[in-house]
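# Observations on chain architecture
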Amino acid sequence: MARHLEMGLDSFGDVTAGADGQLLPHAQVLRNVVEEAVLADQVGIDFIGLGEHHRDDFAVSAPEVLLAAIAGRTSRIRLGSAVTVLSSDDPVRVFQRFSTLYAASSGRAEVILGRGSFTESFPLFGYALEDYEALFEEKLNLFAALLGQGKVTWQGGTRAPLTGQEVFPPVEHAPLKTWVGVGGSPKSVIRAAHYGLPLMLAIIGGEPARFRPFVDLYHKALAQFGKAEQPVGVHSHGHVAPTDEQAREELWPHYKRGRDRIGAERGWPPATEADFEREIATGSLYLGAPETVARKIAATARLLDLSRFDMKYSAGTLPHATMMRSIELYGREVIPRVRVLLAEGQE
């Protein structure tokens, strides 16, 4: 791989279990996420992303606020969302919040915009689910216009028009790095290319090779739209422990609990250990000892020609202390090993 691979972590602030096995209060989970990000900064991780959700099993509903707290405790790690649900937000306010975070963090802020895989924000903020596509299309169009930081004139059907409007504060060293998060829709890939924005692929199950056609489509679309080449990133789940066996034992009960809860809402069958093992062996679960995880990340990075890999380290009720050790192993052992493997041309 010719390009440098940035390596990050993502969390949704999954509500975790305490030492007594009981679920922690949301407030404590949020404080723990700050400590996890501080550790990530200390061990050399490039990026921390916080995902916006509006349900009781995830504590992070306002990523930018928590990221600002993290900015005050860190010095080098980049800070962003994973994702910001643009469809049910106002693009002007999203831009203002992230331009403010950019200033507060001395230029370390970026944003990943998406439609979200959960829909709780739509009724919460007064949007109709039947407008799912139109809301994102129009709001991304406006956000792309705001990135230019000039006077914006815009009109659509989802919010009031703007005429020669300036938005403050501006990003100090524009543009604000803005990714488009995509879960597997060719239309979404082409949309990202249309605006010349980096592509973040959410690969939460199955073989990563399934997404190679999306990467090819993205690069082809960028060329056809006359846009410069842009980075491609991947968001996938993972967990690092001293040994492969320990990683499996630690993650499985929490993985199953979280997967089954969401599955019950979506009509999926209960997760089995065979499903779990399949995701580890050939799918998109980056689990094991540092060497095991590093080799799998390096293989995916080469396969998809990635500029960034973000591992979602939070997993349902997986305890804070266990995640802290996973973060340390990821930063101190996995990341250096991935870079050696890529430099050597190995997988």
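A brief look at the structure comes next. (Residues numbered from 1 in each chain as written. Predicted model: local features only at pLDDT ≥ 70, side-chain atom pairs only at ≥ 80, totals over all residues. Heavy atoms only, no water.)

### Section: the overall build of the protein
What counts here: Under the DSSP-based scheme used, a helix requires at least four consecutive residues in state H or I and a strand at least two consecutive residues in state E, with every element numbered from the N terminus. A 1.4 Å probe rolled over the protein chains alone gives each residue an accessible area, and that area as a share of the maximum for its type sets the label: buried under 20%, exposed over 50%, partly exposed in between. For this analysis, residues touch if any pair of their heavy atoms sits within 4.5 Å. Surface accessibility follows the Shrake-Rupley procedure with a 1.4 Å probe radius. Residue values consider only the protein chains on display as shielding. Only four residue types enter the charge count, namely Lys and Arg as positive and Asp and Glu as negative; His and the chain termini do not. One atom stands in for each charge, and that atom is NZ of Lys, CZ of Arg, CG of Asp or CD of Glu.
Along its length, the protein carries 11 helices and 12 strands. For the protein, the spread of C-alpha atoms along the three principal axes comes to 60 × 45 × 40 Å. Residues classed as buried in the protein amount to 52% of the 347 residues present. Sequence-distant contacts in the protein: of pairs separated by 6 or more residues, those separated by 24 or more amount to 74%. Element-wise, carbon and sulfur atoms account for 54% of the exposed surface of the protein, whose accessible area totals about 14,300 Å². Positive and negative charge centroids in the protein, built from 36 and 43 side chains respectively, lie 3 Å apart.

### Some details on unusual backbone geometry
Across the junction of Ala82 and Val83, the peptide omega takes the value 10°, indicating a cis bond. Mapped onto the elements of the fold, Val83 is located in the loop between strand 3 (78–81) and strand 4 (84–85). Cis geometry is found at the peptide bond from Phe168 to Pro169, where omega equals -5°. Along the chain, Pro169 turns up in the loop between strand 7 (162–165) and strand 8 (177–182). Here Ser106, not a glycine, exhibits a phi torsion of approximately 55°, which is positive. Assignment of secondary structure puts Ser106 in the loop between helix 3 (91–104) and strand 5 (109–114). Located in the positive-phi region is Gln149, a residue other than glycine, with phi close to 65°. The topology assignment puts Gln149 in the loop between helix 5 (132–146) and strand 6 (152–154).

### Digging into helix 6 (residues 186–194)
Along helix 6, the residues that are buried comprise Ser188, Val189, Arg191, Ala192 and Ala193. Where helix 6 is buried, its residues contact helix 5, strand 8, strand 9 (199–202) and helix 7 (212–224). Of the residues one or two after helix 6, Gly196 is the one with positive phi, at around 65°.

### Examining the pattern of salt bridges
Going by this rule: A pairing counts as a salt bridge when a side-chain nitrogen of Lys or Arg comes within 4 Å of a carboxyl oxygen of Asp or Glu.
Taken as a whole and assessed by the stated rule, the structure comprises 28 salt bridges. Notably, a salt bridge pairs Arg76 with Asp41, separated by 3.8 Å at the nearest N-O pair. Of the two residues, Arg76 is situated in the loop between helix 2 (63–71) and strand 3 and Asp41 in helix 1 (residues 26–42); the sequence distance between them amounts to 35 residues. A salt bridge links Asp46 to Arg76, with the shortest nitrogen-to-oxygen separation between them at 3.7 Å. Highlighted residues: Asp46 in the loop between helix 1 and strand 2 (47–50) and Arg76 in the loop between helix 2 and strand 3, separated in sequence by 30 residues. You can call Asp46 buried: its relative accessible area is 16%.

### So, the side chain of Asp10
Note that Asp10 resides in strand 1 (residues 6–11). Within the buried core, Asp10 has no salt-bridge partner, and the shortest N-O distance to an opposite charge, that of Arg308, equals 6.1 Å. Setting aside residues up to four positions removed in sequence, Asp10 forms contacts with Phe47, Gly49, Ala82, His235, Asp310, Met311, Lys312, Tyr313 and Ser314.

### Digging into the nonpolar core
The line we're drawing: By nonpolar core is meant a set of buried Ala, Val, Leu, Ile, Met, Phe, Trp, Tyr and Cys residues that side-chain atoms within 4.5 Å join together.
Among the nonpolar cores identified, the biggest contains 94 residues, and Ile297 and Tyr330 are the most heavily contacted of them. Here the element with the most residues in this core is helix 11 (residues 320–344); it accounts for 9 residues. When residues no more than four places from it in sequence are discounted, the contact partners of Ile297 are Leu5, Met7, Tyr286, Phe309, Tyr330, Val334 and Val338.

### Re the environment of Arg259
Mapped onto the fold, Arg259 is located in helix 8 (residues 244–266). Overall, the relative accessible area of 25% leaves Arg259 in the partly exposed class. Between the C-alpha atoms of Arg259 and Thr158, which are 101 residues apart in sequence, the distance is 34 Å. Not counting residues within four places of it along the chain, the set of residues in contact with Arg259 comprises Trp268, Pro269 and Ala271.

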